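Descriptive structure summary
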Amino acid sequence: MKVIHMAKVPMPKEKWSGAVGRMALGDGSVNVGGVKGMPFLSFEDPQEHRPLLAGEVVDDISDFPSLVLEEFGTSAEDPVTWASEWKSRGADLICLRLLSTDPERADSSPDEAAAIAKNVADATGLPLIVYGSGIADKDAAVMEAVGKALEGHRSILAYVEEDSYKRMASTAVAHKHAVLAFSNLDINLAKQMNILLSDFGVDRGDIVMDPLMAPLGMGLEYSYSVNERIMLAALSGDRMLQVPMVCDASQAWQVRDCSEEDDSLGDAGERAAWWEFATALAALLSGADILIVRGAKAMALVQDAVADMGGRS
Amino acid sequence: MPTAIEFFKFLPKTNCGECGHPTCLAFAMQLANQKVSIDACPYVDSGAKEKLEESSAPPVKGFSVGLGDNSLRMGDETVLYRHERKFVNPTAFAVTVTDAMSSDEMAETVSRHSSMTFERVGMEFRLDMFALRDETGDAESYTDAAKNLVGLTDWPIVLISGRPDVLRPAAELLKDRRPLLYSADDSNIKEMAAIASGLGLPLALRDDTFDGMAALVEEARKAGVEDLILDLGSGSMKQVLENNTVARKVSLRRTFKGLGYPLMNCVGGGEGAVKKAMVAVMKYGSLVVFDSIEPQQALPLMTLRQNIYTDPQVPIQVKEDLYPISDPDAASPVLFTTNFSLTYFTVRADIEKSRQPVWLQVVDTEGLSVLTAYAAGKFGPEHVTAALEASGALDRSEGPIVTPGMVAKLSGKLEEALGRKVMVGPMESSSLPKFLKGLKE
């Protein structure tokens with residue numbers, strides 16, 4: 001028996017008044033942002049959603065997870081070969097962490113760090129997200145050299161916080177890079193950072209924000225909701241939140257049960273990939289425009305997922 | 001829910017007091033708070049009552065499957081985004097067995113998935129249901145398999161067959177276990193709805209289109225079946241995401257009433273199944289049916305479900321206890337922090353990073369973070385002392401006690417109360433590795 005279709009279900013299309021700003025990176029051919037609806041809902045935003053996927057590379061692997069190093073083999077011994085490996089695996093960006101600049105590690109100089117960044121950029125042609133070691137004063141000095149070395153190859157300098165942003169923001173403006181504004185799980189602080197940077201003279205089109213993607217099992221739900229609120233506010237017209245969002249899924253590896261060896265929890269390498277993937281998917285569904293991924297298997301899962309959700313990776 | 005003013009419009013406004021409230025407005029406010037029933041007012045006419053009942057019906061209807069302690073509730077959801085209130089009934093995960101399996105094979109599958117349990121931050125995670133799929137098309141074989149399955153598990157069951165003649169005898173046999181029947185589509189809706197209605201069981205409807213699904217819902221309701229769950233397709237992550245979102249949105253916004261039911265997704269097996277299941281957990285799925293699942297995929301998936309279904313207004317708390325990290329001994333330092341999960345996770349991860357053995361004492365601060373708990377008077381020397389004594393921390397280690405840097409003020413009073421050396425730790429948890437390495441030297 002065929003049922004006669006009578007009811008007509010109305011599509012719940014929102015009339016958003018805002019959109020996430022667009023930004024070009026690298027030589028100008030790599031684009032991010034521009035989202036006009038909640039993530040991956042083609043009935044809200046028919047344009048193809050294309051979050052950028054950044055593969056993580058560090059220049060000091062001394063306490064890096066061995067499961068990841070196994071995935072990359074000898075290519076992880078050098079940032080340039082590692083980044084090239086990421087390129088061949090389809091990464092859109094390279095997230096380069098210059099851990100060697102840490103005074104507690106090799107304490108390498110800003111110029112040495114800048115040379116690594118330049119080599120990675122030249123070898124891959126991909127835009128970079130460049131982090132220092134997390135020590136604010138040193139990072140500002142490192143980014144001065146990195147920003148200069150990468151001039152003409154528009155990248156993202158990471159990161160600035162509420163109490164220290166001027167020096168790195170100036171570097172970004174001087175060399176036409178974007179700057180990453182970090183805030184800690186707080187929509188108001190995220191907005192405040194963008195206002196601070198705008199008032200300081202950074203164009204809104206040169207700001208990307210990191211509202212802190214807490215990993216699966218370590219507060220993911222807080223980030224998921226903060227991101228959703230940021231997206232809803234941006235789409236509803238809050239201009240100070242209309243900048244592309246960066247989410248760092250690699251933090252999943254901080255969680256103990258992500259990768260600890262325990263037979264009752266199944267294969268550790270597979271589990272770690274799924275742990276990072278779950279973090280990445282929560283980020284994508286809550287608004288990430290740029291996603292930083294550490295594991296090779298996790299990246300493959302993310303790429304497939306973006307395609308399966310009707311996006312392109 | 002209608003507001004107090006909307007209720008007030010339908011009341012007689014005579015303030016007669018017969019409802020037990022002094023004024024009609026007071027009664028209306030109690031109605032809006034769902035504290036009383038409209039029936040308490042003898043003067044509201046039946047037409048008005050009907051209107052009010054319709055607008056106060058939950059936007060997503062709920063129902064239960066299974067019996068007793070193992071019963072599961074689905075639906076009752078009220079928000080699109082979890083920050084608005086919370087997601088109510090967590091996604092249930094079912095694993096499939098078939099009537100083509102030998103009884104040994106079925107027993108092995110049930111036992112393997114039943115014992116796939118994990119403990120995380122004091123909670124036990126596990127799968128929830130078994131689904132029995134009709135593979136043979138033979139009613140006798142299917143009924144035998146159903147009989148076999150109920151002997152193997154107390155969990156709620158989904159009976160899967162597109163054939164009413166196969167499903168009916170098994171449904172009759174299992175009806176006291178309150179299984180979910182899957183599924184009715186536009187080829188069998190009349191017969192399936194008759195079975196569900198006759199046995200009083202919940203029924204799953206299956207259609208890829210919204211209009212087609214709305215028509216199935218109408219048919220089922222006409223037959224008297226109200227406990228419905230909708231499967232709008234799970235061919236891709238996109239289909240799960242968009243179809244679940246549309247159905248939930250039109251229901252919560254009340255722009256369309258016929259899809260206000262829990263949603264389910266049959267995701268199959270392999271990597272694709274886990275990905276679709278993760279979308280369903282975040283996007284409104286009440287039930288996900290797997291062919292099978294591996295522990296290395298199940299733990300991240302169940303952790304995701306636990307995270308997403310956390311009440312955003314109630315901070316997750318870690319149990320007050322003494323947590324050993326990296327095999328501490330009698331000389332290892334004793335650090336303490338609050339029981340707010342984010343604080344605990346951060347501190348724990350930073351201690352692990354240092355690779356130094358540490359005793360970590362969690363103090364019950366009702367889920368507040370360090371500074372907030374201190375300001376609220378829940379993280380004073382007396383609380384810390386009591387926690388350290390209760391856990392036996394002071395007997396297990398003679399090492400230094402370390403306060404979080406944010407509450408350095410505690411150190412003097414603590415030293416007095418404990419008669420032990422108390423040190424001040426770093427302001428930020430991220431400096432712990434450096435601090436702990438320094439402590440060792």
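Attention in this report is confined to the structure presented alongside it. Because the structure is predicted, anything quoted here is derived from the model rather than measured.

1. Digging into unusual backbone geometry
Here the amide bond leading from Ala158 of chain A into Tyr159 of chain A is cis, since omega sits at -5°, within 30 degrees of zero. Along the chain, Tyr159 of chain A falls in strand S6 (residues 156–160). In this structure, Ser183 of chain B follows Tyr182 of chain B across a cis peptide bond, with omega equal to 0°. Position of Ser183 of chain B among the secondary structure elements: in strand S8 (residues 180–184). Positive phi is not limited to glycine here, since Phe40 of chain A has a value of about 65°. In this structure, Phe40 of chain A sits in the loop between strand S2 (30–33) and strand S3 (52–58). Of the residues examined, Phe40 of chain A has 25 C-beta atoms within 10 Å and is grouped as buried. Here the phi dihedral of Asn15 of chain B falls at roughly 50°; this positive angle occurs in a residue that is not glycine. On the basis of neighbour count, Asn15 of chain B is assigned to the partly exposed category, with 14 C-beta atoms found within 10 Å.

2. Some remarks on the sheet that holds strand S8 (residues 207–210) of chain A
Where strands meet in a sheet, backbone hydrogen bonds hold them as pairs that are either parallel or antiparallel. Residues and elements named next belong to chain A. Spatial ordering of the open sheet is given by S8-S7-S6-S5-S4-S3-S10-S9, a layout of eight strands whose pairing is parallel. Every interior strand has two partners, whereas the edge strands, S8 and strand S9 (246–248), have only one. Averaged over all adjacent pairs, the angle separating strand axes in this sheet is 25°, with direction ignored. In this structure, strand S5 (residues 128–131) lies alongside S6, joined through three bridges in parallel fashion. For Tyr131, the partnering residue across the bridge sits in S6 and is Ala158. Where helix H2 (residues 79–88) meets the sheet, its contacts fall on S3 and strand S4 (93–97), and the angle it forms with S3 comes to roughly 155°. Sitting on the sheet, helix H5 (residues 166–175) touches S6 and strand S7 (178–182), and the angle it makes with S6 is about 165°.

Calculation rules
Residues numbered from 1 in each chain as written. Chains lettered and ligands numbered in written order. Predicted model: local features only at pLDDT ≥ 70, side-chain atom pairs only at ≥ 80, totals over all residues. Helix = DSSP H or I, 4+ residues; strand = E, 2+ residues; numbered from the N terminus. Buried ≥ 20, exposed ≤ 12 C-beta atoms within 10 Å, placed from the backbone. Pairing = 2+ DSSP bridges. Axes fitted to C-alpha atoms, helices over the stretch in contact; angles between N-to-C directions. Contact = placed C-beta atoms within 7 Å.

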